[in-house]
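Structural characterization, general
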Amino acid sequence: MDIESPTETKKGKSKAPKKAKESILKQKSPAEFFAENKNIAGFDNPGKCLYTTVRELVENALDSAESISELPVVEITIEEIGRSKFNSMIGLVDRERVDAELYDDYETAKARERRLAKEAKAQETQAKNAALGKKVKESAKGIKGRGEASFYRVTCKDNGRGMAHDDIPNMFGRVLSGTKYGLKQTRGKFGLGAKMALIWSKMSTGLPIEILSSMRGQNYKSFCRLDIDIHRNIPHIHLHEKRNNQDTWHGAEIQVVIEGNWTTYRSKILHYMRQMAVITPYAQFLFKFISDASDKNVTIRFARRTDVMPPVPVETKHHPSSVDLLLIKRLIAETSKQNLLQFLQHEFVNIGKLLAERLIGEMGPEFSPKMAVKSLTDQQIVRIHQLFRQAKFDDPSGDCLSPAGEYNLRLGIIKELHPDMVATYSGSAQVFEGHPFIVEAGVSVGGKDVKQGLNIFRFANRIPLLFEQGGDVVTRTALKRITWGSYKINQTQDKIGVFVSIVSTKIPFKGTGKEYIGDDITEIATAVKSAIQQCCIQLKSKIVKKMQAREQQERKRNLSKYIPDATNAVYDVLKEMAKSHSSKKKRFEDEDADILRKVSAQLITKEMLKEKLAQHVEKVDYEMALEYATQSGVSEEPREDIYLQLLDANANFLDFHSPIFVLRLFQ
């Protein structure tokens, strides 16, 4: 009997494979998902987080005021909070560093010596450039560790609808709950609103959000301090109470403390506010940035230019060609209609009774108008979906949309840019994938704070789009598909502003951040090109007139320059002819003789002749300009912009809207 030695046993024994750890099925709440993927909602980095927070609060404020047809008044304040102040807010005591080498911004003596030498060399170079008159670029001073954060208290106050007392916790503390999930034109991209700002606040500072709100007619204000339980997606309420509302104020005031970066995103935030003032000239904005360093403080007021507001967007029904299987099943589950005929008529646009009966007849013998809609099988729903994809339906109308309007767009451009000339155009409603959309455009030439070349301003559902401009349909169209030279516009030398606003029940954003509209939808690309071209045609007419006026002045200046010499020469000839006539060397008759007699008698003087020549130059110049205008086909008379100030806020009036003006009749 062979017995293995212990050594042999140890060597020959093979390692058993490790047992795989059993995977556990886990679930994430919506709040947890967005907290881990905050870049989807525009919270990429501290600077972008500050910008997106401001944007979300401002857009919510505008929606709230417009929903009750109130002219928006929005105040946005960003207050910089230093680290010491922030620590005192959360009850944390400042401590001095014990182990300096532990910190990211620690530098050795040699490293400090090299940095100071580099800074001294840079200062020397700057001094030389300044002496030569060259532009001096400021270099970054000192060093900053990656762990050094900046904190900001962002406050937004509006005069909108306000919120019901009991709804406030869920409106802010529960992700994917809100009032904007119907099929209609909305400013929001995800429906997150201030909820994402609250999630970022919890992630970066741990501080709750504060909401003060009151609705029209309420004798109290609702105050709520809360944060969000990210794992359970429910609000965590710190304080929820009713306070006295003696001044009968209505609206909302939201305050949140977050980590951010004002330095890197200052220009973006101010640019956003300026563009928002362009697309909503009926709103009044007050923007403030407050810092302990007074030289960093910013206060900008964007005044209201008009009190004419666009209509409130209305919720609409789905177009048959735009629905998918899941949506049809959801509509069946939620409908109050009993049979298939009623369901088709009342849950979709552009399906009347006659068309509904024809569709049911086409579906097959197992379908009937009176069959219970709740009893439809999965196969029958697929058949309905297939027929919806193949059948021909009338396009949806654009009545549910609320574009800014040519009048408001023109006012906004004039108010913010002060251009030399501007043209606007609003297209009719068009359709892509069953969704209606309207494209409005404005093109301006010249203006204040406008760079040479193309300056492109993009808007989707009346909000500015500032990022990822290169791939946007508006940018590509303006750069590649418009022949600016044919409209007398110099693409590189002139200061050109291109404004395009697209409104729709579904904006086809691209990318995770939804910051631009793709160039792959033919209907939208064609509509954008057409709208810009219509503006350019209007501008060409104005530019031609301006060129005519300039040429007319040039001709007049050139002709007038020779009047004195021509007067002297002609008058000298007339005097010689008068002498010959009086000495009978050469006789003239009729009108010629009469003119020569007047020259001899000093009844025609050199000054009179000079005046007559000037009048003749004026007449000939006018006739030439008129003939040129007729040949060019320019017959439009010059126009002037006229703006009427509202006399009495309580006055009764009736508005008649035109693309370029509003006529108001007071009763």
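Everything here concerns the structure above.
Within any chain, residue numbers begin from 1 and follow the written order of that chain's sequence. Given that the model is predicted, a residue must reach a pLDDT of at least 70 before its local features are reported, and side-chain atom pairs must reach 80 or more before they are shown or counted; all residues, however, enter totals for whole chains, interfaces and linings. Calculated side-chain values reflect all of the structure's heavy atoms, with hydrogen atoms and water omitted.

The next point concerns the overall build of the chain. For the chain, the helix and strand inventory stands at 18 helices and 18 strands. A burial count over the chain gives 42% of its 667 residues as buried. Contacts are assigned to residue pairs with any non-hydrogen atoms lying within 4.5 Å of each other. Long-range pairs, those at least 24 residues apart, make up 74% of the contacts in the chain between residues at least 6 apart in sequence. Surface accessibility in these figures is a Shrake-Rupley result with a 1.4 Å probe; residues are shielded only by whichever protein chains are displayed. For the chain, the computed accessible surface area is about 38,600 Å², with 50% contributed by carbon and sulfur atoms. Strands here mean DSSP runs of E at least two residues long; helices mean DSSP runs of H or I at least four residues long; both are numbered from the N terminus. Burial classes follow relative accessibility: with a 1.4 Å probe on protein chains only, a residue under 20% of its type's maximum area counts as buried, one over 50% as exposed, and anything between as partly exposed.

Turning our attention to a negative patch on the surface. There is a patch of like negative charges on the surface, built from E589, D590, E591 and D592. For D592, the position within the fold is in helix 17 (residues 590-600). With a relative accessible area of 43%, D592 lands in the partly exposed category. Residues enter patches when they are more than 30% accessible in relative terms and free of salt bridges; like-charged ones are connected within 9 Å and nonpolar ones (Val, Leu, Ile, Met, Phe, Trp, Tyr) within 5 Å. Salt bridge, as applied in this entry: a Lys or Arg side-chain nitrogen positioned within 4 Å of an Asp or Glu carboxyl oxygen. Positive charges come from Lys and Arg, negative ones from Asp and Glu, while His and the chain ends are left out of the count. Where a charge lies is defined by one atom per residue type: Lys uses NZ, Arg uses CZ, Asp uses CG and Glu uses CD.

The next point concerns the nonpolar core. By nonpolar core we mean a set of buried residues, namely Ala, Val, Leu, Ile, Met, Phe, Trp, Tyr and Cys, connected to one another through side-chain atoms within 4.5 Å. Within the largest apolar cluster, 68 residues are counted, with the highest numbers of intra-cluster contacts made by V58, I78, F172, W262, F285 and F287. When neighbours within four sequence positions are excluded, I78 is seen to be in contact with L50, V54, Y152, R153, W262, I269, F287, K288, F289 and I290. Counting 36 residues, the second-largest nonpolar core is a separate cluster that includes A423, V443, A478 and I507.

A few words now on a nonpolar patch on the surface. A grouping of L654, F656, L663 and L665 is seen on the molecular surface, where their side chains present a nonpolar patch of about 350 Å² in accessible area. Those elements giving two or more residues to the nonpolar patch turn out to be strand 17 (653-657) and strand 18 (662-666). By secondary structure assignment, the location of F656 is in strand 17. Overall, F656 belongs to the partly exposed group, its relative accessible area being 41%.

What follows is about the sheet that holds strand 3 (residues 209-214). Pairing between two strands is assigned when DSSP locates at least 2 bridges connecting them. Spatial strand order, 5-4-3-6-2-1-7-8: 8 strands in an open sheet with mixed pairing. Sheet topology places strand 5 (234-244) and strand 8 (298-302) at the edges, where each strand pairs with a single neighbour. On average, adjacent strands in this sheet sit at an angle of 15° to one another, irrespective of strand direction. Across 5 bridges, strand 7 (residues 284-290) lies against strand 8 in antiparallel orientation. When the bridges of strand 8 are listed, L286 appears paired with R301. Throughout, an axis means a line fitted to C-alpha atoms (over the contacting stretch in the case of helices), and angles, computed between N-to-C directions, take values from 0 to 180 degrees.

In this structure the tally under the stated criterion is 24 salt bridges. Between D44 and K48 there is a salt bridge, and its shortest N-O distance comes to 3.4 Å. Judged by its relative accessible area of 42%, D44 is partly exposed. For K48, a relative accessible area of 8% translates into the label buried. A single salt-bridge network, built from bridges that share partners, covers R55, E56, E59 and E515.

Bringing the pairing of strand 12 (residues 453-460) into the picture now. Counting buried positions along strand 12 gives 7 out of 8 residues, so the element sits mostly inside the fold. For strand 12 and strand 14 (residues 495-504), the ladder comprises 8 bridges, and the chain directions are parallel. Counted as the bridge partner of F457 is F499 from strand 14. Bridge analysis of strand 12 against strand 13 (residues 463-465) gives 3 bridges, and the strand direction is antiparallel. Across the sheet, residue R458 finds its bridge partner in strand 13, namely L465.

A word on the environment of I269. Along the chain, I269 turns up in helix 8 (residues 262-279). Judged by relative accessible area, which is 0%, I269 ranks as buried. Distance in space between the C-alpha atoms of I269 and L466 is 9.7 Å, their sequence separation being 197 residues.

Structurally, the position occupied by E59 is in helix 3 (residues 46-66). Sequence-distant contacts of E59, defined by excluding residues within four places in its chain, comprise R187, Y272, M276 and I463.

The description of two packed helices rests on the angle between their axes and on the distance between the axes. Where helix 16 (residues 563-582) contacts helix 17, the two axes come as close as 9 Å, and the packing angle between them is 100°. Taken as axis vectors, helix 16 and helix 17 run roughly perpendicular relative to one another. Contact residues: Y571, L574, K575, M577, A578 and H581 in helix 16; A593, L596, V599 and S600 in helix 17. Residue composition of the contact of helix 16 with helix 17, grouped by class: 7 nonpolar, 2 polar and 1 charged. Oblique is the label for any angle not under 35 degrees, not over 145, and not in the 65 to 115 range, which are roughly parallel, roughly antiparallel and roughly perpendicular in turn. Throughout this entry, Asp, Glu, Lys and Arg are counted as charged residues, while Ala, Val, Leu, Ile, Met, Phe, Trp, Tyr, Cys and Pro are counted as nonpolar. The remaining residues, Gly among them, count as polar.

Bringing the pairing of strand 4 (residues 220-229) into the picture now. Most of strand 4 sits inside the fold, with 8 of its 10 residues counted as buried. Bridging between strand 3 and strand 4 involves 5 bridges; their strand directions are antiparallel. Bridging from a neighbouring strand, L212 pairs with F223 of strand 4. Here strand 3 folds back onto strand 4, and the loop between the two strands holds 5 residues, one of which, G217, carries a positive phi near 85°. Alignment of strand 4 against strand 5, held across 10 bridges, turns out to be antiparallel. Bridge pairing in strand 5 links D227 to H236. The hairpin formed by strand 4 and strand 5 contains 4 residues between the paired strands, and N233 there has a positive phi angle of roughly 55°.

Further remarks concern the environment of Q284. When you line up the elements, Q284 lands in strand 7. Accessibility expressed as a relative area gives 25% for Q284, which makes it partly exposed. When the C-alpha atoms of Q284 and R304 are compared, they prove to be 4.8 Å apart, with 20 residues separating the residues in sequence. Other than its neighbours up to four places away in sequence, Q284 contacts P72, V73, V74, R301, F302 and R304.

Phi angles above zero are rare outside glycine, and N461 is one such case at about 50°. Turning to its location among the elements, N461 is positioned in the loop between strand 12 and strand 13. At R462, a position not held by glycine, the phi torsion is positive, near 65°. For R462, the location among the structural elements is in the loop between strand 12 and strand 13. Overall, R462 belongs to the buried group, its relative accessible area being 2%.

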